[in-house]
Amino acid sequence: MAVSEDDKAALAKIWWAGVHAVSGYGAVATALTEHDVPPPDRIVAVGKAAPAMAHAALDHFKAPIRTLVVTRYGHAKGVELPAHARVLEAAHPVPDQNSLKAGGALLAEISGAGAEENLLFLASGGASALAEVPADGRTLGEVVAHNKRLLASGLDIHAMNAERREVSQIKGGQLLARFPGRAVTSFAISDVEGDDLNVIGSGIGACAGDPRFVWQSFIVASNTHARAAAEAEARRIGFAVLGNSEALYGDVGYVALRLSGQLGAGEAGIRIWGGEPTVVLPSNPGMGGRNQGMALLLARQIAGRDGLSVLVAGTDGTDGPTDAAGAFVNGTSWDPAPAQAALQAADSGTYFAARGDLFETGPTGTNVMDLAISLSRSR
């Protein structure tokens with residue numbers, strides 16, 4: 001039996017409240033009213049939320065500012081950028097040839113500025129794959145193999161991005177260090193634990209060394225903001241909130257076990273978790289990402305439970321190499337033989353598609369890691 005439409009609607013409403021609160025457009029629009037930002041001569045935006053962030057900046061300054069946007073395929077769709085804005089799209093989570101073209105374009109745009117120019121740099125998650133200039137003449141094949149190994153390794157994002165910085169000419173603050181102008185303002189939407197600018201996008205919006213220019217940086221949206229908005233929405237529509245924590249860290253199996261333990265008390269209400277778990281993949285993974293994988297692991301833990309539904313989804317609207325953000329599960333979602341086979345093959349997306357329980361949103365215009373939301377009803 002699929003998750004009920006009533007439960008899906010309630011969980012999705014709360015999830016969307018969290019996501020809308022950290023939209024790329026809204027986060028940048030608010031930050032520009034709160035901070036003293038020199039009018040930019042150039043705007044550079046990179047990441048999954050880049051189109052929305054650039055749109056907000058251009059609306060704020062109301063001028064035809066030179067603009068470069070680098071984002072994931074399809075993530076600029078529906079964003080009303082002016083004709084003069086240059087938009088480049090590339091692959092995620094594994095780079096492709098367009099990722100190298102985008103990296104070269106970023107390098108040229110930043111280093112080609114004039115001595116008196118001001119730059120507004122907008123960064124969000126996904127930049128690690130979307131733009132790259134490999135160090136030491138590495139080939140695209142080597143870059144792809146390196147990223148596939150990292151994604152399958154079970155390393156957390158801090159460890160993965162530390163390795164990415166070591167083999168890049170534009171990560172770890174190296175890109176902005178090449179800016180020859182007067183001032184840089186960096187706005188970042190955080191998709192990492194601790195909201196460290198040196199980790200977001202592998203540090204593509206950070207600045208290495210002692211800059212020659214005036215530099216200021218701000219985190220303009222994070223998982224904390226999203227969870228707070230989700231909690232407020234849950235209360236607004238009449239649910240008790242039983243917990244709200246940034247706890248989705250560690251291997252997906254461990255996280256699913258820990259979360260299911262918190263669901264054991266049986267109180268009616270909503271629980272909210274945020275973060276980004278890790279996953280170790282087989283050599284030839286099927287369709288699915290960490291959120292769909294964790295949803296299926298949770299389904300195993302709560303099998304047979306009545307009155308309990310859970311949504312696990314990435315706030316950017318995509319989960320791994322799929323077009324789904326995540327999946328819904330309840331006490332009937334675990335069908336032992338096919339579900340176990342799907343777990344072993346990292347093919348949870350195929351399993352949930354057959355049940356009608358995928359959560360498909362399209363690109364959201366933001367990226368602040370993942371949200372998991374449980375709904376327990378009175379028995």
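Use the structure listed above.
Residues numbered from 1 in each chain as written. Predicted model: local features only at pLDDT ≥ 70, side-chain atom pairs only at ≥ 80, totals over all residues. Heavy atoms only, no water.

### Side note on the sheet that holds strand E12 (residues 370-376)
Across the sheet, which stays open at both edges, the six strands sit in the order E7-E8-E12-E9-E10-E11 with mixed pairing between neighbours. Edge positions in the open sheet fall to strand E7 (241-248) and strand E11 (358-359), since each of these has one partner strand only. Of the pairings in the sheet, the one linking strand E8 (residues 269-275) to E12 comprises seven bridges and is antiparallel in character. Looking at the pairing, Trp273 lines up with Ala372 of E12. Packed on one face of the sheet, helix H9 (residues 252-262) meets E7, E8 and E12 and runs near 165 degrees to E7. (Pairing = 2+ DSSP bridges. Helix = DSSP H or I, 4+ residues; strand = E, 2+ residues; numbered from the N terminus. Contact = heavy atoms within 4.5 Å. Axes fitted to C-alpha atoms, helices over the stretch in contact; angles between N-to-C directions.)

### Digging into the nonpolar core
If you look at the biggest cluster of nonpolar residues, it comprises 49 residues, and the most contacted ones within it are Leu122 and Phe187. Residue contributions to this core peak at seven residues, all from helix H3 (residues 50-61). Residue contacts for Leu122: discarding those within four places in its chain leaves Val28, Ile43, Val44, Ala45, Val46, Met53, Ala54, Ala57 and Phe187. With 36 residues, the next largest nonpolar core counts Ala90, Leu106, Val192 and Ile200 among its residues. (Core = buried A, V, L, I, M, F, W, Y, C linked by side-chain atoms within 4.5 Å. Buried < 20%, exposed > 50% of the residue type's maximum accessible area, 1.4 Å probe, protein only.)

### Some words on the environment of Gln97
Position of Gln97 relative to the elements: it lies in helix H4 (residues 97-111). Using a relative accessible area of 40% as the deciding quantity, one classes Gln97 as partly exposed. Measuring from C-alpha to C-alpha, the distance between Gln97 and Val144 comes to 9.7 Å, with 47 residues separating the pair along the chain.

### Remarks on the pattern of salt bridges
If you walk through the whole model with that rule in mind, you get 17 salt bridges. Where Lys13 meets Glu233, a salt bridge forms, and the shortest distance between an N and an O atom there is 3.9 Å. With a gap of 220 residues between them, Lys13 in helix H1 (residues 5-20) and Glu233 in helix H8 (residues 223-236) connect regions that are remote in the sequence. For the salt bridge of Glu246 with Arg227, the shortest nitrogen-to-oxygen distance reads 3.3 Å. Within this pair, whereas Glu246 is found in strand E7, its partner Arg227 is found in helix H8, the two being separated by 19 residues in sequence. Each of the salt bridges in this network shares a partner with another, and the network as a whole consists of Arg42, Arg66, Glu109 and Glu117. (Salt bridge = Lys/Arg side-chain N within 4 Å of Asp/Glu carboxyl O.)

### Re the packing of aromatic side chains
Inspection of every chain in the model, using the stated rule, returns six aromatic pairs. Taking the centre distance of 4.9 Å and the plane angle of 90 degrees together, the rings of Trp15 and Phe359 count as edge-to-face. One end of the pair, Trp15, is in helix H1; the other, Phe359, is in strand E11, with 344 residues separating them in the sequence. For Trp15, a relative accessible area of 0% translates into the label buried. By way of ring pairs, the aromatic residues Trp15, Trp16, Phe328 and Phe359 are connected into one cluster. (Phe/Tyr/Trp six-rings, centres within 6.5 Å; stacked < 30°, edge-to-face > 60°.)

### Comments concerning H9
Taken together, the buried positions of H9 are occupied by Val252, Val255, Ala256, Leu259 and Ser260. Down the axis, H9 shows its buried residues gathered within 130 degrees of arc, on one side only. Exposed and facing more than 90 degrees away from the buried side of H9 are Leu257 and Gly261. Contacts made by the buried residues of H9 are with E7, E8, helix H10 (290-301) and E12. Of the residues that open H9, the one with a side-chain oxygen 2.9 Å from the backbone nitrogen of Gly253 is Asp251. (Arc of directions from axis to C-beta. Polar contact = N/O pair within 3.5 Å; in protein donor to acceptor, adjacent residues only side chain to side chain.)

### Describing the side chain of Asp319
Within the element layout of this structure, Asp319 appears in the loop between strand E9 (308-314) and strand E10 (326-330). The charged side chain of Asp319 is buried without a salt bridge, its nearest counter-charge being Arg290 at 5.2 Å. Within the structure, the side chain of Asp319 is placed 2.8 Å from the backbone nitrogen of Gln292, a separation counted as a polar contact. If we ignore the near neighbours within four places in the chain, the residues touching Asp319 are Gly288, Gly289, Arg290, Asn291, Gln292, Ala324, Ala325 and Gly326. (Lys, Arg positive; Asp, Glu negative; His and termini not counted.)

### Here's the deal with unusual backbone geometry
Most peptide bonds are trans, and most residues other than glycine sit at a negative phi. Residue His92 is joined to Pro93 through a cis peptide bond whose omega torsion reads 10 degrees. The residue Pro93 is located in the loop between strand E3 (86-90) and H4 in this model. At Lys62, a residue that is not glycine, the phi angle is positive and equals roughly 50 degrees. Tracing the backbone through its elements, the reader meets Lys62 in the loop between H3 and strand E2 (66-72).

### Here we look at the packing of helix H6 (residues 140-152) against helix H7 (residues 157-166)
Relative orientation of the contacting elements H6 and H7 amounts to 165 degrees, with a least axis distance of 10 Å. Comparing the axis directions of H6 and H7 gives the class roughly antiparallel. Two packed elements cross with a definite hand, and for H6 against H7 that hand is right-handed. Contacts between H6 and H7 involve His146, Asn147, Arg149, Leu150 and Leu151 from the former and Met160, Glu163 and Arg164 from the latter. (Parallel < 35°, antiparallel > 145°, perpendicular 65-115°, else oblique. Left-handed = near helix turned anticlockwise from the far one by under 90°.)

None of the figures reported here should be taken as evidence of function without further support.
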